[in-house]
Amino acid sequence: MNVENFVKNAIMEIRERVGDGKAIIALSGGVDSSVCTMLAYRAIGDRLIPVFVDTGLMREGEPERVKEIFKDMNLIFIDAKDEFFKALKGVIDPEEKRKIIGELFVRIFERVAEENRAEYLIQGTIYPDVIESQGGIKSHHNVGGFPTNYKFKGIVEPLKELYKDEVREVARYLGLPKEISERMPFPGPGLAVRIVGEVTPEKVEVVRKATKIVEEELEDIPKWQAFASLIGKATGVKGDIRVYGYIISVRAVESRDGMTADPVRIDYNILRRIALRITNEIPEVTRVVYDVTPKPPATIEYE
Ligand code: XMP
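Our subject in this report is the structure included herewith. Treat the numbers as computed from the prediction; the structure is a model and nothing was measured.

Reading the values: rules and limits
- Residues numbered from 1 in each chain as written.
- Predicted model: local features only at pLDDT ≥ 70, side-chain atom pairs only at ≥ 80, totals over all residues.
- Heavy atoms only, no water.
- Salt bridge = Lys/Arg side-chain N within 4 Å of Asp/Glu carboxyl O.
- Helix = DSSP H or I, 4+ residues; strand = E, 2+ residues; numbered from the N terminus.
- Buried < 20%, exposed > 50% of the residue type's maximum accessible area, 1.4 Å probe, protein only.
- Patch = residues over 30% accessible without salt bridge, like charges linked within 9 Å, V, L, I, M, F, W, Y side chains within 5 Å.
- Areas by Shrake-Rupley, 256 points an atom, 1.4 Å probe, with all protein chains shown as cover.
- Core = buried A, V, L, I, M, F, W, Y, C linked by side-chain atoms within 4.5 Å.
- Axes fitted to C-alpha atoms, helices over the stretch in contact; angles between N-to-C directions.
- Parallel < 35°, antiparallel > 145°, perpendicular 65-115°, else oblique.
- Left-handed = near helix turned anticlockwise from the far one by under 90°.
- Contact = heavy atoms within 4.5 Å.
- Nonpolar A, V, L, I, M, F, W, Y, C, P; charged D, E, K, R; others polar.

Overview of the pattern of salt bridges
Where charged atoms from two side chains of opposite charge approach closely, those side chains can pair. The tally for this structure, following the rule as stated, stands at 22 salt bridges. The closest approach of N and O atoms between Glu-119 and Lys-153, which form a salt bridge, is 3.7 Å. With Glu-119 in the loop between α5 (94-115) and β4 (120-122) and Lys-153 in the loop between α6 (127-132) and β5 (154-156), the pair connects residues that are 34 residues apart, well separated along the chain. By relative accessible area, Lys-153 is classed as exposed at 63%. If you follow the salt bridges from partner to partner, you end up with Lys-212, Glu-216, Glu-217, Arg-273, Arg-277 and Glu-281 in one network.

As structure tokens, this is what we get:
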């Protein structure tokens, strides 16, 4: 792929397809939707409506960074945290969680499309998404295009022939910051699938803080993904009293495409530091474990 030509052609294609109409895009802060947003903005300027839905399930600082990076655009920022937490109350089944999050997301997005009379939908579907959505094990709500009942005149998918590494190359070429161009895969349903059992604002806050620590400590280690999950409760002693706190599982895997994965052999001293930091900095956590299970039989995420 010649990046320069790709960018030129993609911009031309968007311009041709959208004409003098308005287009909307669901911007998540991931590399695909960010690249698409940049391309579309260059193509149609303020007739592009990027929509960021804050589900309350993103990592630390993510919503704020998206606002900052795309501040020159007509970004519509929807704070839907309460709605998502309410919808997830009492739900423990992983697929049920995905379904609820996906449907609520689409409903909110459709409302914004309608309010803004967007005629076109721009999507960051990439080539592997098309294949994956044909035989997925989990119902990935944000791959292969999300289902919407809102009637668009057309759907534009400028990245549909690219592989992930090519999308990253385009991201760098477009001058997107490293945190986006090199961003690890992050599941569409966000931290909700990194909490085993019911999702509550308290648990999300705990897993969010733990994730930040894991990402900081493992920043320089080659990996496909590294993250924290909240997998249950266990007894611990803090300040001489026994407390029943959360168990955080740290997972770092190497993988080519996410279909199979191998745990990273992390230096014991680094693991120890992660465990100490998590239990010191997050009072609600009493125990930290490192997951050494490959995929298969385990999946990368806990849910
Ligand atoms: P699993 O857990 O199935 O994950 O081994 C494989 C890759 O897919 C990501 N993943 C998701 N991505 N929506 C997504 O967009 C989802 O519901 C979802 N579940 C898992 C996971 O992070 C890993 O990279």
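Considering a nonpolar patch on the surface
Among the surface-exposed residues, Tyr-127, Val-130, Ile-131 and Tyr-163 lie close enough to one another that they form a single nonpolar patch of about 350 Å² accessible area. By the secondary structure assignment, Tyr-163 is in the loop between β5 and α7 (164-173). According to the relative accessible area criterion, Tyr-163 is partly exposed, its value standing at 44%.

Structural notes on the nonpolar core
Ranked by internal contacts, the top residues of the largest apolar core, which has 56 residues, are Ile-24, Leu-218, Ile-248 and Ile-278. Sorting elements by how many residues they give to this core places α5 first, with 9 residues. Listed in part, the 37 residues of the second largest apolar core include Phe-6, Ile-11, Val-18 and Ala-40.

A closer look at the packing of helix α9 (residues 201-217) against helix α10 (residues 268-281)
At a minimum axis separation of 10 Å, α9 and α10 run at an interaxial angle of 150 degrees. The orientation of α9 relative to α10 falls into the category roughly antiparallel. Of the two elements, α9 crosses α10, and the hand of that crossing is right-handed. Between α9 and α10, the contacting residues are Ala-210, Ile-213, Val-214, Glu-216 and Glu-217 on the first element and Ile-270, Arg-273, Ile-274, Arg-277, Ile-278 and Glu-281 on the second.

Some points on α7
What α7 keeps buried is the set Glu-166, Val-167, Arg-168, Val-170 and Ala-171. Tucked into the core, α7 has its buried residues touching α1 (3-18), α2 (31-44) and α8 (178-181). Note on α7: the residue one or two positions beyond its end, Gly-175, has a positive phi of about 80 degrees.

Structural notes on the packing of helix α4 (residues 81-88) against α5
Look at α4 against α5: their axes get within 10 Å of each other, and the N-to-C directions meet at 145 degrees. As α4 packs across α5, the resulting crossing turns out to be right-handed. Counting all contacts with α4, which are made through Glu-83, Phe-84, Ala-87 and Leu-88, the residues of α5 involved are Lys-97, Ile-100, Ile-101, Leu-104, Phe-105 and Ile-108. Residue composition of the contact of α4 with α5, by class: 8 nonpolar, no polar and 2 charged.

Concerning unusual backbone geometry
Of note, the bond from Lys-295 into Pro-296 is cis; its omega dihedral lies within 30 degrees of zero at -10 degrees. Tracing the backbone shows Pro-296 in the segment after β9 (285-290). Between Pro-296 and the following residue, Pro-297, the backbone shows a cis peptide bond with an omega angle of 10 degrees. Tracing the chain through its elements places Pro-297 in the segment after β9. The backbone phi angle of Arg-117 is positive, close to 50 degrees, even though this residue is not glycine. Summarising the element assignment, Arg-117 is placed in the loop between α5 and β4. A positive phi angle, near 70 degrees, is found at Asp-240, a position not held by glycine.

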